[in-house]
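# Survey of secondary and tertiary structure
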Amino acid sequence: MLVTNGEERLRAFSQQHHQYKATLIHDRVLHVAGLGHSNAIAIKAETSIILVDTLDNVERASQLKQLINDTFHLPVRTIIYTHGHPDHRGGAGAFKDSVKEIIAFRALKNPPKYYQELSSLLNQRANYQFGYQLSDEEAISQGIGKREDFIHGHMEPLAPTTLYAEEEVTRTIDGITLKLVRAPGECDDEIFIWIEDMRILCCADNFYACWPNLYALRGTPYRDIATWVDSLDRMLAYPADYLLTGHMEMISGPEQIHEVLTNYRDAIDFVLKETLRLMKAGLTLNEIVENVKLPEKWQNCAYLQEYYGTVSWSVRAIYNGYVGWFDGNPTSLNMTPQALYHQELVSLIGKEKLTLRIQELLSQAHYQLACELADLLEDPHLKAQALRGLASQETSANGRHYYICQAQLLEND
Ligand SMILES: [Zn+2]
């Protein structure tokens, strides 16, 4: 979302919500937030520790190991991965000497064939989205957590030794009974974990206190948002006293958890249903993007702010997920080659006039329009300035990183 003070808002949010905090629940469950980009949960069993997720790198996970040792004086024998993203698995190597079983769920839906052949493109886009090459000052954060660290740390994800294809599995591990429930959201292999005895719900990445990444700029196949809502419904069926998150702070108290999860679920469902309603009413993609806005009660919810995903990118993803690339405007069916179209407009307007207008827009902080006009001119210098301006207005860390990375490329050209 673009707002005048996007950068300041992202900075303030990150400072407030990405702090280190370890919380001990019932003397046997330790929720560790802010030590890495993602969180980890250590559960004290009879003779060992069950660890839910492992942080993003081995060095941070080694600090986690020390903390677990100081708290419980027991070794980690079991790791449960809540989903396949590397920022939750990269620290596993720190526990390789003691771990006996690594549990995960199998994804039931595969990406399109040859998807992995795009890995160089996907990695490049992931670099732009997460801003890995940016300085701390430029990047600020990764929206839902402090930055992954590949300078002081390295990833060593360990392969699962137990891989379930079931919808639900109940396991008693070293005296602790856990229910593992399939809950596709960000990932198709995503699960949540219910610990009945302590009324603890480990929700993985199906809730974190930001507008979710219903679409990831790095490029992913459609994340089925209706299924994501179903997963939140399944979570809501459990009367949790503690909601242990995969990123940022945990939430305590049954009423608070119910309210937060319900708002989160309803807001996502609203964007889905509203997009579908406007599609049915015959609006084009851009018209729908312009019209789908969260109602005020959710706009003001602290945990629905657009520091990670955004509503407008979600709308685009839904449109594309249901009817594909054609935006409904027949002009789009057979477009003039872009360079030719740009030349035509530039010759009509005049290069000088266009340049002056872009400069004026830049000086007035109308960066989006400046950026679009700079595309007509194919002027890297003006476009880089516009992208820098957009980065200063963007609340989403992902969007901010993408703008700055692209500006840097143009500046270094
Ligand atoms: Zn995550």
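Once a new chain begins, its residue numbering starts again from 1 and follows that chain's sequence as written. Residues qualify for local features only when their pLDDT is at least 70, as the model is predicted, and side-chain atom pairs are given and counted only at 80 or more; totals for whole chains, interfaces and linings, by contrast, use all residues. Values shown for side chains rest on all heavy atoms present in the structure; no hydrogens or waters enter the calculation.

The chain appears in an unreviewed UniProt entry as Alkyl/aryl-sulfatase from Candidatus Fimiplasma intestinipullorum.

## Examining the sheet that holds strand 9 (residues 176–182)
When DSSP locates at least two bridges between a pair of strands, those strands are taken to pair. Put simply, DSSP H or I for four residues or longer makes a helix, DSSP E for two residues or longer makes a strand, and each gets a number counted from the N terminus. Here six strands make up an open sheet; going across it, the order is 8-9-10-11-12-13 and the pairing mixed. Each of the sheet's edge strands pairs with one partner strand only, and the pair in question is strand 8 (168–173) and strand 13 (251–252). Whether two residues are in contact is decided by their heavy atoms: any pair within 4.5 Å suffices. Think of each axis as a best-fit line through the C-alpha atoms, taken over the contacting stretch in the case of a helix, with angles from 0 to 180 degrees between the N-to-C directions. Packing against the sheet, helix 6 (residues 225–236) makes contact with strand 8, strand 9, strand 10 (191–195) and strand 11 (200–204), and its axis sits at approximately 5° to strand 10.

## Some thoughts on the domain arrangement of the chain
Per the annotation, domain bounds derive from an automatic or database assignment of domains. If you check the domain split of the chain, you get domain 1 (6–119 + 126–254), domain 2 (269–323) and domain 3 (335–411). Placing the centre of domain 1 and that of domain 3 at their C-alpha centroids yields a distance of 38 Å. Domain 1 puts 21 residues into the contact, and the matching count from domain 3 is 17 residues. Defined here as a combined quantity, buried area equals the accessible surface (1.4 Å probe) lost by two parts on assembly, summed across both. Summed over both sides, the interface between domain 1 and domain 3 buries roughly 1500 Å², with carbon and sulfur atoms accounting for 56% of that surface. In what follows, salt bridge is the name for a side-chain nitrogen of Lys or Arg lying within 4 Å of a carboxyl oxygen of Asp or Glu. Where arginine 400 meets glutamate 7, a salt bridge forms, and the shortest distance between an N and an O atom there is 3.2 Å. Those elements giving two or more residues to the side of domain 1 that touches domain 3 turn out to be helix 1 (6–17), helix 4 (119–130) and helix 5 (136–139).

## Topic: the side chain of glutamine 305
Position of glutamine 305 relative to the elements: it lies in the loop between helix 9 (296–299) and helix 10 (311–323). Any residue under 20% of the maximum accessible area for its type is buried, any over 50% is exposed, and the rest in between are partly exposed; the area is computed with a 1.4 Å probe on protein chains only. By relative accessible area, which is 13% here, glutamine 305 ends up buried. Pairs of N or O atoms within 3.5 Å make up the polar contacts considered here, provided that, within protein, one atom can donate a hydrogen while the other can accept it, and that residues adjacent in sequence are counted only when both atoms are side-chain atoms. At a separation of 2.8 Å, a polar atom in the side chain of glutamine 305 contacts the main-chain carbonyl oxygen of cysteine 301. Sequence-distant contacts of glutamine 305, that is, excluding residues within four places in its chain, are made with Arg9, Cys210, Trp211, Trp298, Gln299 and Asn300.

## What about unusual backbone geometry?
Not every positive phi belongs to a glycine, and leucine 55 is a case in point at roughly 70°. Within the element layout of this structure, leucine 55 appears in the loop between strand 4 (49–52) and helix 2 (58–72). Phi angles above zero are rare outside glycine, and isoleucine 140 is one such case at about 70°. When its relative accessible area of 15% is taken as the criterion, isoleucine 140 is described as buried.

## Examining the packing of helix 6 against helix 7 (residues 254–280)
Between helix 6 and helix 7, the least distance of the axes is 10 Å, while the angle of their chain directions is 160°. One finds that helix 6 runs roughly antiparallel with respect to helix 7. The handedness of the crossing between helix 6 and helix 7 comes out as left-handed. Listed contacts from helix 7 to Ile225, Ala226, Trp228, Val229, Leu232, Asp233, Met235 and Leu236 of helix 6 are His258, Leu261, Thr262, Tyr264, Arg265, Ile268, Asp269 and Leu272. By residue class, the composition of the contact of helix 6 with helix 7 is eleven nonpolar, two polar and three charged. An angle counts as roughly parallel when it lies under 35 degrees, as roughly antiparallel when it exceeds 145, as roughly perpendicular when it falls between 65 and 115, and as oblique in every other case. Crossings are sorted by hand: turned counterclockwise from the far helix by less than a right angle, the near helix makes the crossing left-handed, and turned clockwise it makes it right-handed. In this count, Pro and Cys sit with the nonpolar residues alongside Ala, Val, Leu, Ile, Met, Phe, Trp and Tyr, while Asp, Glu, Lys and Arg are called charged and the others, Gly among them, polar.

## Re helix 7
Expected span of a helix, by definition, is 1.5 Å for each gap between consecutive residues, and there is one gap fewer than residues. Between its terminal C-alpha atoms helix 7 stretches 38 Å, which fits the 39 Å expected from 27 residues at 1.5 Å a residue. Backbone geometry just downstream of helix 7 places glycine 282 in the positive-phi region, at approximately 95°.

## Remarks on the coordination of the zinc ion
Only nitrogen, oxygen and sulfur atoms qualify as donors, provided they sit within 2.8 Å of the metal or within 3.2 Å for Na, K and Ca; with water excluded from the atoms, sites may seem incomplete. Here the zinc ion is held by the protein donor atoms His88 (NE2), Asp205 (OD) and His247 (NE2), which lie 2.0 to 2.1 Å from it. One chain supplies every donor for the zinc ion, spaced along it as H-x116-D-x41-H. Taken together, the positions of histidine 88 in helix 3 (residues 86–89) and histidine 247 in the loop between strand 12 (242–245) and strand 13 put the pair 159 residues apart, joining distant regions of the chain. An identical accessibility class is assigned to histidine 88 and histidine 247; each is buried.

## Some points on the environment of glutamate 168
For glutamate 168, the position within the fold is in strand 8. Spatially, the C-alpha atoms of glutamate 168 and glutamine 256 are 26 Å apart, while their sequence positions differ by 88 residues. Apart from the residues within four sequence positions on either side, glutamate 168 is in contact with Lys179, Leu180, Val181, Arg234 and Tyr238.

## Thoughts on the nonpolar core
Proteins that are soluble and globular tend to have nonpolar side chains buried together. Side-chain atoms within 4.5 Å are what join buried Ala, Val, Leu, Ile, Met, Phe, Trp, Tyr and Cys residues into a set we call a nonpolar core. Membership of the largest hydrophobic core comes to 55 residues, with the highest contact counts inside it found for Phe207, Trp211 and Ile268. At the level of elements, helix 1, helix 4, strand 10, strand 11, helix 6, helix 7, helix 8 (285–291) and helix 10 are the ones that each hand at least two residues to this core. When residues in this core are grouped by element, the largest group, ten residues, is from helix 7. Not counting the four nearest positions on each side in its chain, phenylalanine 207 is found in contact with Leu243, Thr245, Ile251, Val260, Leu261, Tyr264 and Tyr303. Ranked by size, the runner-up nonpolar core spans 28 residues in total, among them Ala139, Leu217, Leu354 and Leu361.

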